[in-house]
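Chain by chain, the residues run as shown.
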Amino acid sequence: MEWVYKKDDNYHHGGTNSILRFNQSLEDRKLKYPIRHHLSHDYSQKILDDGFVVIKNAISPELISILTEEFDEAVNELQTKSDDRFYTVISEPLINCPSIVDVATTDKVFDTVCGFFGCVPSIGTLNFRKSYINEGDPQVTQLFHCDQNSISFLKCFMYLNDVKTPEDGPLTIITDSLRKKPANWSSKYRWTEDEMISIYGEDCLTFLTASAGDLIISRATTGFHRGTPPINKDRVMLTINYTIHPEEWRLPEFKISEEEYKNLENHKKPLGEFLIKEKI
């Protein structure tokens, strides 16, 4: 097997140009939004070492209940951008489910993402989705892929129901792909489990199980990962990206209400830089 390693430019989507643009953006952001308070770096260091951290009981049962109600209400009001037998996805999640702002800006998350980047990042894209039981062929994000949003960003995952076994549909990562990828990794976007096993070995799958209210924060989605299809029960999951430049170098697409943005503490307002502020 011919490999490319993280030190190699062609390990990263976009190669040399993406690396140079990212490094310049990071330096600019460190000057513009430096960290102005003491941080605990335990979670950030674990992400650097292992590719992810699971923060237990980060979100209260009360907030989970509110988010569930907001999800159901958005579905009932047809505020969805995808709704089929595999997925229901909420459109404009920060607008239609405003309690997400409380999750995205909680102190534990804020300190962790700031510690990782060495500055205050911005929220990028979000996904609030119910995945339905699927015992057939994996669909779309249920196939292994490497995110192209940036050469380095963090993704926060929260299950709204317990995901304790592979059959419950956890986020699944190939930890070794954080170190190396096959030289032809960019020849296609979606890869099967059998292909991953043939490349990385029988024990390559890491299932990131967690309880409702736990937060998983990971840098591993620039490596191979998937949402394993749930076969025991439907799974509801919220994902929030944190980045130091607009994802894929495109104009921001996601909205936050102007009122929610104004209510952020001043030192957290940079989290909204890549979000469109909208009056409601």
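Provided above is the structure to which this section pertains.
This section reports on the structure supplied with the text. (Residues numbered from 1 in each chain as written. Predicted model: local features only at pLDDT ≥ 70, side-chain atom pairs only at ≥ 80, totals over all residues. Heavy atoms only, no water.)

## Let's talk about empty space enclosed by the protein
This structure, assessed with the given rule, holds three cavities of 30 Å³ or more. Its boundaries defined by the atoms lining it, the largest cavity holds a volume of some 70 Å³. In terms of lining, the largest cavity is formed by Tyr 11, His 12, His 13, Cys 146, Asp 147, Gln 148, Ser 150, Ile 151, Lys 181, Trp 185 and Thr 222. By residue class, the composition of the lining of the largest cavity is four nonpolar, five polar and two charged. Taken as a whole, the second largest cavity encloses approximately 40 Å³ of empty space. In terms of lining residues, the second largest cavity is bounded by Leu 94, Val 101, Ala 104, Thr 105, Ile 123, Ile 256, Leu 264, Leu 271, Gly 272 and Leu 275. Per-class residue counts for the lining of the second largest cavity are eight nonpolar, two polar and no charged. (1 Å grid on protein atoms, 1.4 Å probe; cavity = no way out; pocket = protein on both sides within 12 Å on 5 of 7 lines; lining within 4 Å. Points joined across faces, edges and corners; volume = space filled by probe spheres on them. Nonpolar A, V, L, I, M, F, W, Y, C, P; charged D, E, K, R; others polar.)

## Concerning the side chain of Asn 161
Along the chain, the position of Asn 161 falls in the loop between strand S6 (154–159) and strand S7 (171–174). For Asn 161, a relative accessible area of 18% gives the class buried. Side-chain polar atoms of Asn 161 contact the backbone nitrogen of Val 236, separated by 2.9 Å. Ignoring any residue separated from it by four or fewer positions in sequence, one finds Asn 161 in contact with Ala 212, Lys 233, Asp 234, Arg 235 and Val 236. (Helix = DSSP H or I, 4+ residues; strand = E, 2+ residues; numbered from the N terminus. Buried < 20%, exposed > 50% of the residue type's maximum accessible area, 1.4 Å probe, protein only. Polar contact = N/O pair within 3.5 Å; in protein donor to acceptor, adjacent residues only side chain to side chain. Contact = heavy atoms within 4.5 Å.)

## Examining the packing of helix H2 (residues 42–50) against helix H6 (residues 107–117)
At a minimum axis distance of 8 Å, the contact between H2 and H6 shows a crossing angle of 55°. Regarding the angle of H2 to H6, the classification is oblique. Two packed elements cross with a definite hand, and for H2 against H6 that hand is right-handed. Between H2 and H6, the residues in contact are Tyr 43, Ser 44, Ile 47 and Leu 48 and Asp 111, Thr 112, Gly 115 and Phe 116, respectively. Residues belonging to the contact of H2 with H6 are distributed by class as follows: four nonpolar, three polar and one charged. (Axes fitted to C-alpha atoms, helices over the stretch in contact; angles between N-to-C directions. Parallel < 35°, antiparallel > 145°, perpendicular 65-115°, else oblique. Left-handed = near helix turned anticlockwise from the far one by under 90°.)

## Some thoughts on the sheet that holds S7
Taken in spatial order, the three strands make up an open sheet running S9-S7-S11, and their pairing is antiparallel. Each edge of the open sheet carries a strand with a single partner, namely strand S9 (205–208) and strand S11 (225–227). The average undirected angle you get between the axes of adjacent strands in this sheet is 25°. Relative to S9, S7 is paired through four bridges, and the arrangement is antiparallel. Across the sheet, residue Leu 171 finds its bridge partner in S9, namely Leu 208. (Pairing = 2+ DSSP bridges.)

## Things to note about the pattern of salt bridges
Summed over all chains, the structure comprises 15 salt bridges. A salt bridge links Lys 56 to Asp 214, with the shortest nitrogen-to-oxygen separation between them at 2.7 Å. Highlighted residues: Lys 56 in the loop between strand S2 (52–55) and helix H3 (61–76) and Asp 214 in the loop between S9 and strand S10 (215–218), separated in sequence by 158 residues. A relative accessible area of 0% places Asp 214 in the buried class. (Salt bridge = Lys/Arg side-chain N within 4 Å of Asp/Glu carboxyl O.)

## So, the pairing of strand S4 (residues 87–90)
In S4, alternate side chains face the same way, and those of Tyr 87 and Val 89 on one face and Thr 88 and Ile 90 on the other are all buried. Here strand S3 (residues 80–83) runs beside S4; their pairing, made up of three bridges, is antiparallel. Across the sheet, residue Thr 80 finds its bridge partner in S4, namely Ile 90. Taking the residues that link successive antiparallel strands as the turn, the S3-S4 hairpin has three residues. As defined by bridge partners, S4 adjoins strand S5 (residues 122–131) across three bridges and the pair is classed as antiparallel. In the sheet register, Thr 88 faces S5, and the bridge partner there is Lys 130.

## Notes on the layout of surface pockets
The computed volume of the largest pocket comes to approximately 860 Å³. Along its surface, the largest pocket is lined by 36 residues, and Thr 125, Asn 127, Arg 129, Asn 149 and Lys 155 are the ones closest to its centre. At the level of elements, S3, S4, S5, S6, S11 and strand S12 (235–243) are the ones that each hand at least two residues to the lining of the largest pocket. When the residues that make up the lining of the largest pocket are grouped by side-chain class, the tally is twelve nonpolar, twelve polar and twelve charged. By volume, the second largest pocket amounts to about 270 Å³. Taken together, the elements giving at least two residues each to the lining of the second largest pocket come down to helix H1 (15–32) and H6. Looking at the lining of the second largest pocket, its residues break down into nine nonpolar, three polar and two charged.

Functional significance is not addressed by these values, which are geometric in nature.
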